[in-house]
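Now for the letters of each chain:
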Amino acid sequence: MERVFDNTRYTFSLLSLLLLFSSFSSLANAKTHNHDFVVQATKVKRLCETHNSITVNGQFPGPALEVNDGDTLVIHVTNKARYNVTIHWHGVRQLTTAWADGPEFITQCPIRPGGSYTYRFTISGQQGTLWWHAHSSWLRATVYGAIIIHPQEGYSYPFPKPHRESLIILGEWWDANPIDVIREATRTGAAPNVSDAYTINGQPGDLYKCSSKDTVKVPVNPGETSLIRVINAALNQQLFFTIANHKLTVVGADASYVKPFTTKVLMLGPGQTTDVLMKAD
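Along each chain, the written sequence defines residue order, and numbers are assigned to residues from 1. A pLDDT threshold of at least 70 governs which residues receive local features in this predicted model, and a stricter bar of 80 or more applies before side-chain atom pairs are shown or counted, although totals over entire chains, interfaces and linings include all residues. Only hydrogens and water are set aside; all other atoms, that is, all heavy atoms of the structure, feed into the side-chain values.

Asker: Explain the sheet that holds strand 14 (residues 256-263) here, please?
Answerer: Within a beta sheet, neighbouring strands are joined by backbone hydrogen bonds and run either parallel or antiparallel to one another. Between any two strands, at least two bridges found by DSSP are needed for them to pair. Per the convention used, a helix needs a DSSP run of H or I reaching at least four residues, while a strand needs a run of E reaching at least two, with both numbered from the N terminus. Strands sit in the order 10-9-11-16-13-14 across an open sheet of 6 strands; the sheet is mixed. If you trace the sheet from one side to the other, it starts and ends with strand 10 (197-200) and strand 14, each paired once. Here the strands of the sheet are splayed against their neighbours by 25° on average, with no regard to which way each runs. Bridge count between strand 13 (residues 248-253) and strand 14: 5 bridges; the pairing is antiparallel. For Thr249, the partnering residue across the bridge sits in strand 14 and is Thr262. Comment: axis = line fitted to C-alpha atoms, over the contacting stretch for helices; angle = value between 0 and 180 degrees taken between N-to-C directions.

If you want it as structure tokens, here you go:
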């Protein structure tokens, strides 16, 4: 009996050492990514009109952050806009870094105009697609972008590697200042005015006025399989996504893998993300 117990203890100790070694190996491969976010007013023309929209680094949508599971993000945010702002890292598990989550007046005071703030957090145990957005009033209408999380270095997807990856961000566009829209709703007690257009990667597409040249095109080659990351960045709307005459194989949602299943249409609530495989056949 003593010998059996000793062997069990030896096996357990060896397994513990292997797990510990694996953890240290993962940490050794982890990287720290530094980014500068400048929140500022930028002239953006949509639906024949030009607005001074609030953006990050003059981009609409904002920059995509691309990392591996286990990496650390350090985001230096400078507010050059005329509104208070915070940035929320939607869906990121803020393990031991709750103060970096971003909701205004909940985990932090807002970044006042002319001020700055640095967010620092680690992606841990998440792979797939998430996103970031402003968490102050309705600045989220134009201040948002993707977070793309690849597997740890040396690891692969739990499905055949796709030939290419594409990002689709669904959103809304108001032919007005979104802050004025929500302020008017608050003043009157009525529901906010609905958006004037839906967008794909910030573009309304050829069904809207002055937008015939602003349709997003996603390149594919016949026979190839693409991983398409779909984000619903709309403020209030559930949105549907489909690709004509093609099936979508869902492989992930909100930075977690799922048991693959096939569908023709995705329905995403505000803030949700879904990863799908599509074969160009």
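Asker: Explain the environment of Asn177 to me, please; I cannot follow it from the model alone.
Answerer: With respect to the secondary-structure elements, Asn177 resides in the loop between strand 9 (164-173) and helix 2 (178-188). Taking the C-alpha atoms as reference, Asn177 lies 38 Å from Val258; in sequence the two are 81 residues apart. A 3.5 Å cut-off defines polar contacts: any pair of N or O atoms within that distance qualifies, except that in protein one atom must be a possible hydrogen donor and the other a possible acceptor, and neighbouring residues in sequence count only when both atoms are side-chain atoms. Only 2.9 Å separates the side chain of Asn177 from the side chain of Tyr83, close enough to count as a polar contact.

Asker: Hey, could you run me through the packing of aromatic side chains in this one?
Answerer: Centre-to-centre distance and the angle between the planes together describe a pair of aromatic rings. A pair of Phe, Tyr and Trp rings is counted when the ring centres sit within 6.5 Å of each other, with Trp represented by its six-membered ring. The angle between the planes then sorts it: under 30 degrees is stacked, over 60 is edge-to-face, the rest tilted. Summed over all chains, the structure comprises 11 aromatic pairs. A ring pair is formed by Phe37 and Trp132, whose centres lie 4.8 Å apart and whose planes are at 50°; its orientation type is tilted. Taken as a pair, Phe37 in strand 1 (residues 32-46) and Trp132 in strand 7 (residues 128-134) lie far apart in primary sequence, 95 residues in all. Each residue is assigned to one of three classes by its accessible area relative to the maximum for its type, calculated with a 1.4 Å probe on protein chains only: buried under 20%, partly exposed between the two thresholds, exposed over 50%. Classification of Trp132 by relative accessible area gives buried; the value is 0%. Ring geometry for Trp89 versus Phe121: centroids 5.2 Å apart, planes at 45°, classification tilted. Taken together, the positions of Trp89 in strand 5 (residues 87-90) and Phe121 in strand 6 (residues 116-122) put the pair 32 residues apart, joining distant regions of the chain.

Asker: Even after reading the chapter, I still don't get the environment of Leu130, so can you show me in this structure?
Answerer: Mapped onto the elements of the fold, Leu130 is located in strand 7. Exposure remark for Leu130: the relative accessible area of 2% places this residue in the buried category. The contact partners of Leu130, leaving out residues within four places of it in the chain, are His90, Gly91, Val92, Ala146, Ile147, Ile149, Ile231, Asp254, Ala255 and Thr273. Every residue pair with non-hydrogen atoms within 4.5 Å of one another is taken to be in contact.

Asker: For this particular structure, what's the right way to read a nonpolar patch on the surface?
Answerer: A cluster of nonpolar side chains, Phe240, Val265 and Met267, forms an exposed patch at the surface whose accessible area comes to about 310 Å². Considering the arrangement of structural elements, one finds Phe240 in strand 12 (residues 239-241). Patch membership requires more than 30% relative accessible area and the absence of a salt bridge. Residues of like charge join within 9 Å; the nonpolar side chains Val, Leu, Ile, Met, Phe, Trp and Tyr join within 5 Å. Each accessible area is a Shrake-Rupley result for a 1.4 Å probe, and residues are judged covered by the shown protein chains and nothing else. For salt bridges, the criterion is a side-chain nitrogen of Lys or Arg within 4 Å of an Asp or Glu carboxyl oxygen.

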